[in-house]
Amino acid sequence: MKPLNLSSGEFKQEILKLYNAINKKIFNAGVKQQKVDLVGNKIIIMSLNARVPVLSLMDEHDPRTARQVDQLLFQIFKRDIKLALESQFQFHIVAILKDYDAETEYSGTIIILECDVESYLNDKRELA
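All figures in this text were calculated on a predicted structure; none of them were measured in a lab.

*Asks:* What should I look at first to understand the pairing of strand E3 (residues 93-101) in this one?
*Replies:* The two faces of the sheet receive side chains in turn, since in a regular strand these alternate between them. Across eight bridges, the pairing between E3 and strand E4 (residues 106-113) is antiparallel. Bridge pairing in E4 places Lys98 opposite Thr109. The turn linking E3 back onto E4 is made up of four residues, and Glu105 within it adopts a positive phi angle of 70 degrees.

Take a look at the structure:
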């Protein structure tokens, strides 16, 4: 595996740009806030995302269908982020976990890699 020519800070910024771009593509809106942490072989992204208006309406009238649509959108998001990360960084991704709390508008995404994140980076000094 060839190391990326990025510091951990630059790497985090690239991850957040990708994450936001995919949110814009799927939900037609970027995130309000986002933070990425690198822990061993995991990339953890916490974000604050406005609820898609039509899903808010569905929540009021048919919460079960709204949750099913959420699950479908999570699957599309996970597919797209996996393809983007593998293409841009040549990651070997084991799994992607994602959830969203409609009430608070917080979202959590955990990307589990085959190897520690530091093995992909040139700057191995500080990943926090």
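*Asks:* Explain the confidence of the model for the protein chain here, please?
*Replies:* Confidence in the prediction for the protein chain averages 89 pLDDT; 92% of positions are at 70 or higher. Contacts from residues 124-128, a stretch scored under 50 in pLDDT, to residues over four places away or in other chains number nine contacts.

*Asks:* For this particular structure, what's the right way to read the pattern of salt bridges?
*Replies:* Pairing between side chains of opposite charge can happen when the charged atoms of each approach one another. Taken as a whole, this structure holds eight salt bridges when the rule is applied. Measuring nitrogen to oxygen at the nearest pair gives 2.7 Å for the salt bridge that ties Lys25 to Asp80. Here Lys25 is found in helix H1 (residues 8-27), whereas its partner Asp80 is found in helix H3 (residues 63-89), with 55 residues between them in sequence. Several salt bridges converge on common partners, so that one network encompasses Lys25, Arg79 and Asp80.

*Asks:* Please clarify how the pairing of strand E2 (residues 42-48) should be interpreted in this entry.
*Replies:* Judged from the seven bridges that link them, strand E1 (residues 33-39) and E2 form a sheet pairing that is antiparallel. For Gln34, the partnering residue across the bridge sits in E2 and is Ser47. Two successive antiparallel strands, E1 and E2, enclose a turn made up of two residues, where Gly40 displays a positive phi of approximately 60 degrees. Where E2 and E4 come together, seven bridges link them in antiparallel fashion.

*Asks:* Would you mind showing me how to read the nonpolar core here?
*Replies:* Most often, soluble globular proteins have nonpolar side chains that are buried together. Counting residues in hydrophobic clusters, the biggest one holds 29 residues, and the most contacted among them are Phe11, Ile15, Ile43, Leu85 and Phe91. Elements supplying a minimum of two residues to this core: H1, E1, E2, H3, E3 and E4. Among the elements that line this core, the one with the most residues is H1, at eight residues. Setting aside its immediate chain neighbours within four residues, Ile15 contacts Val36, Ile43, Ile45, Leu85, Phe89 and Phe91.

*Asks:* Just to check I follow, could you spell out the packing of aromatic side chains for this structure?
*Replies:* Centre distance and the angle of the planes are the two values used to describe a pair of aromatic rings. In the structure shown here, the tally under the stated rule is five aromatic pairs. On the numbers, 5.3 Å between centres and 25 degrees between planes, the contact of Phe89 with Phe91 is stacked. The pair Phe89 / Phe91 is uniform in exposure class, with both members buried. An aromatic cluster of at least three residues, connected via ring pairs, comprises Phe11, Phe89, Phe91 and Tyr120. The aromatic ring of Phe77 is capped on one face by Lys98, whose charged end is 4.3 Å from the ring centroid.

About the cut-offs
- Residues numbered from 1 in each chain as written.
- Predicted model: local features only at pLDDT ≥ 70, side-chain atom pairs only at ≥ 80, totals over all residues.
- Heavy atoms only, no water.
- Pairing = 2+ DSSP bridges.
- Helix = DSSP H or I, 4+ residues; strand = E, 2+ residues; numbered from the N terminus.
- pLDDT = per-residue confidence, 0-100.
- Contact = heavy atoms within 4.5 Å.
- Salt bridge = Lys/Arg side-chain N within 4 Å of Asp/Glu carboxyl O.
- Core = buried A, V, L, I, M, F, W, Y, C linked by side-chain atoms within 4.5 Å.
- Buried < 20%, exposed > 50% of the residue type's maximum accessible area, 1.4 Å probe, protein only.
- Phe/Tyr/Trp six-rings, centres within 6.5 Å; stacked < 30°, edge-to-face > 60°.
- Lys NZ or Arg CZ within 6 Å of the ring centre and 35° of its normal.

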